[in-house]
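# Breakdown of the fold
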Amino acid sequence: TVILLIALRVMKIINKKNIIKKISVDNEWDDLDFFLNKALWSHRGGGKSISIRKRNLVDLKEVFKKEGLTFFLEGRTLENIYFHLELLEEDHDDDVGIFKKDIFILINKVIPALRVKGFFVIRANSDIVSIVRNDRYIDICIFKNKAKDSIGYGNKTFQRSYYEKLVSINFE
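Residues numbered from 1 in each chain as written. Predicted model: local features only at pLDDT ≥ 70, side-chain atom pairs only at ≥ 80, totals over all residues. Heavy atoms only, no water.

### Considerations on the environment of Leu-69
This is how the line gets drawn: Helix and strand labels come from DSSP, where a helix needs a run of H or I of at least four residues and a strand needs a run of E of at least two; each type is numbered from the N terminus. Each residue is placed in one exposure class: buried if its accessible area under a 1.4 Å probe, protein chains only, is under 20% of its type's maximum, exposed if it is over 50%, and partly exposed if it falls in between. Here, residues are in contact when the closest pair of their heavy atoms is within 4.5 Å.
For Leu-69, the position within the fold is in the loop between helix H3 (50–66) and strand E1 (72–73). Under the relative-accessibility criterion, Leu-69 is labelled buried at 5%. Once the C-alpha coordinates of Leu-69 and Lys-101 are considered, the two residues, 32 residues apart in sequence, prove to be 9.9 Å apart. The residues touching Leu-69, leaving out its near neighbours within four places in the chain, are Phe-64, Ile-98, Asp-102, Ile-105, Leu-106 and Val-110.

Next up, the structure:
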């Protein structure tokens, strides 16, 4: 019982600290950087980014799968893949989600493996870790319990039942 109490105490301390600070940011972006990136792709034409976005998501999926981390599409990325089975040109970023319980896998295994594949961390806070490669970025949203029947990240809240059973969508 002593070991269990120590383990619970350590988990309580970890939960109080912002553990995400253990991710070093390679080149931190501010609001202007995100705005300029959106403008860049608006100028270039979003269609030119589709192959980059697909490659980024496929590589992300491969790393997550190799490391045993469950993830899911989120936001407009989910909407576009689910309804259209493709990424839409207008979307300025791609969004995936993970559960907070997997944060250590993200920090210790996934981020290093993504760096090897050429991704850079541009933002890391308790709600989102953003990575970029070839001028396209992906937000990795960290989902936490919000209330008894809800889950979410930042100020976004969703019904927990939406995330109880995840299904696979194959696109490439």
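### Considerations on unusual backbone geometry
Positive phi values are uncommon outside glycine, yet Leu-85 reaches one of about 55 degrees. With respect to the helices and strands, the residue Leu-85 is situated in the loop between helix H4 (75–84) and strand E2 (94–99). Judged by its relative accessible area of 58%, Leu-85 falls in the exposed class. Even without being glycine, Asp-135 reaches a positive phi, approximately 65 degrees. Relative to the helices and strands, Asp-135 resides in the loop between strand E4 (128–133) and strand E5 (136–147). Relative accessible area serves as the criterion here: at 37%, Asp-135 is assigned to the partly exposed category.

### Regarding the confidence of the model for the protein
How we decide: For every residue, the predictor states its confidence as a pLDDT score lying anywhere from 0 to 100.
Averaged over every residue, the pLDDT of the protein is 83; residues scoring 70 or more account for 85%. Summarising per-element confidence for the protein, the mean pLDDT is lowest in helix H1 (residues 2–16) (42) and highest in E4 (95). Under a pLDDT of 50 for its full length, residues 1–17 has, in the predicted model, three contacts with residues more than four places off or in other chains.

### Considerations on the nonpolar core
Put simply, the test is: Here, the term nonpolar core denotes a set of buried Ala, Val, Leu, Ile, Met, Phe, Trp, Tyr and Cys residues that are joined through side-chain atoms within 4.5 Å.
Counting residues in each nonpolar core, the largest one holds 25 residues, and the members touching the most others are Leu-60, Phe-64, Leu-106, Val-129, Ile-131 and Ile-140. At the level of elements, H3, E2, helix H5 (103–116), E4 and E5 are the ones that each hand at least two residues to this core. A per-element tally of this core places H5 first, with six residues. Phe-72, Cys-141, Ile-151 and Tyr-163 belong to the second largest nonpolar core, which has eight residues in total.

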